[in-house]
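Next come the chains, spelled out residue by residue.
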Amino acid sequence: MPELKHQEPVYVLDFGDDENRFSPEWLQSVHSALDTVTAGSAPAALVTVGGGKFYSNGLDLEWLMAHGDQAGQYVTEVQELFARVLTLPVPTVAALNGHAFGAGAMLAMAHDFRVMREDRGYFCFPEADINIPFTPGMAALIQGKVTPAAAVASMTTGRRFGAPDARELGLVDAVAAESKLLDEASDVVRGLAGKDRGTLGAIKSTMYATAVTALRTTP
């Protein structure tokens with residue numbers, strides 16, 4: 001399960017070393033960590049990272065198949081996490097240590113910045129290949145972060161992007177060696193940690209108002 005560590009002023013939320021799929025318990029654990037990050041007023045920034053070969057594989061399809069009657073509520077909760085991260089009142093960066101697929105890639109997109117391991121792992125929206133259309137909220141999230149050309153290239157093809165191609169397309173902001181990934185991701189936000197939370201949260205809410213509204217509208 002996710003574990004939160006504090007290297008003042010940076011909080012590191014380690015998702016764990018499995019596929020980090022969004023089980024209801026996992027979602028609750030992440031929200032609890034975000035509560036800690038946003039409590040108080042001291043300078044703070046957030047880095048999220050996985051372990052092993054995965055950042056996150058996204059939706060917990062096994063859980064969904066076993067709880068089909070709760071699918072609507074589940075998607076609502078996933079989209080609420082996206083909306084919360086998108087507007088979090090502290091600087092955020094996703095350190096992509098490995099594969100970021102589907103909703104896992106969307107969660108990375110919800111961060112302010114993304115740094116990807118240079119030699120391994122894929123960034124992928126596989127929806128076109130697994131016959132699961134994007135919800136309006138998910139589409140708005142991605143389209144609010146990348147150019148129209150990058151949206152077409154990533155959303156309609158199911159293509160798996162390695163770090164260099166992901167950076168070239170603008171899906172991630174930087175690449176780093178595995179040994180330096182966490183340090184370089186932390187460096188991206190450490191100097192921004194003292195921004196006024198009320199102001200930063202308001203700016204993000206305005207910037208991404210269309211996506212946030214769509215994410216918080218029942219799919």
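Read on for a plain summary of the structure.

Thresholds, definitions, all that
Residues numbered from 1 in each chain as written. Predicted model: local features only at pLDDT ≥ 70, side-chain atom pairs only at ≥ 80, totals over all residues. Heavy atoms only, no water. Buried < 20%, exposed > 50% of the residue type's maximum accessible area, 1.4 Å probe, protein only. Helix = DSSP H or I, 4+ residues; strand = E, 2+ residues; numbered from the N terminus. Arc of directions from axis to C-beta. Contact = heavy atoms within 4.5 Å. Pairing = 2+ DSSP bridges. Salt bridge = Lys/Arg side-chain N within 4 Å of Asp/Glu carboxyl O. Core = buried A, V, L, I, M, F, W, Y, C linked by side-chain atoms within 4.5 Å.

Of all the positions in helix α9 (residues 181-190), only L181, A185, S186 and V189 are classed as buried. Projected down its long axis, α9 shows its buried positions confined to an angular sector of 120 degrees, all on one face. More than 90 degrees from the buried face of α9, the exposed residues found are D183 and D187. Packing partners of the buried residues in α9 comprise β2 (10-14), β4 (45-49), β7 (92-96), β9 (113-117) and β12 (174-176).

Counting buried positions over the five residues of β2 gives four, a clear majority of the element. For strand β1 (residues 3-7) and β2, the ladder comprises five bridges, and the chain directions are antiparallel. Each bridged residue has a counterpart across the sheet, and for H6 the counterpart in β2 is Y11. In sequence, β1 turns back onto β2 through a hairpin of two residues. In terms of strand pairing, β2 meets β4 through five bridges, oriented parallel. Residue V10 lies in a different strand from β4, and its bridge partner there is A45.

A few words now on the pattern of salt bridges. Tallied over the entire structure, the rule returns nine salt bridges. The partner of D173 in a salt bridge is R114, and the shortest N-O contact between them spans 3.9 Å. Residue D173 is found in the loop between α8 (163-169) and β12, and its partner R114 is found in strand β9; the two are separated by 59 residues along the sequence. Through salt bridges with shared partners, a single network forms among R117, D119 and E178.

Formed by 60 residues in total, the largest nonpolar core has its most connected members in F22, Y74, F82, L96, L107 and F123. Top contributing element to this core by residue count: helix α3 (residues 71-86), with eight residues. Core analysis: the second largest hydrophobic core is formed by 13 residues, A45, V47, V49 and A185 among them.

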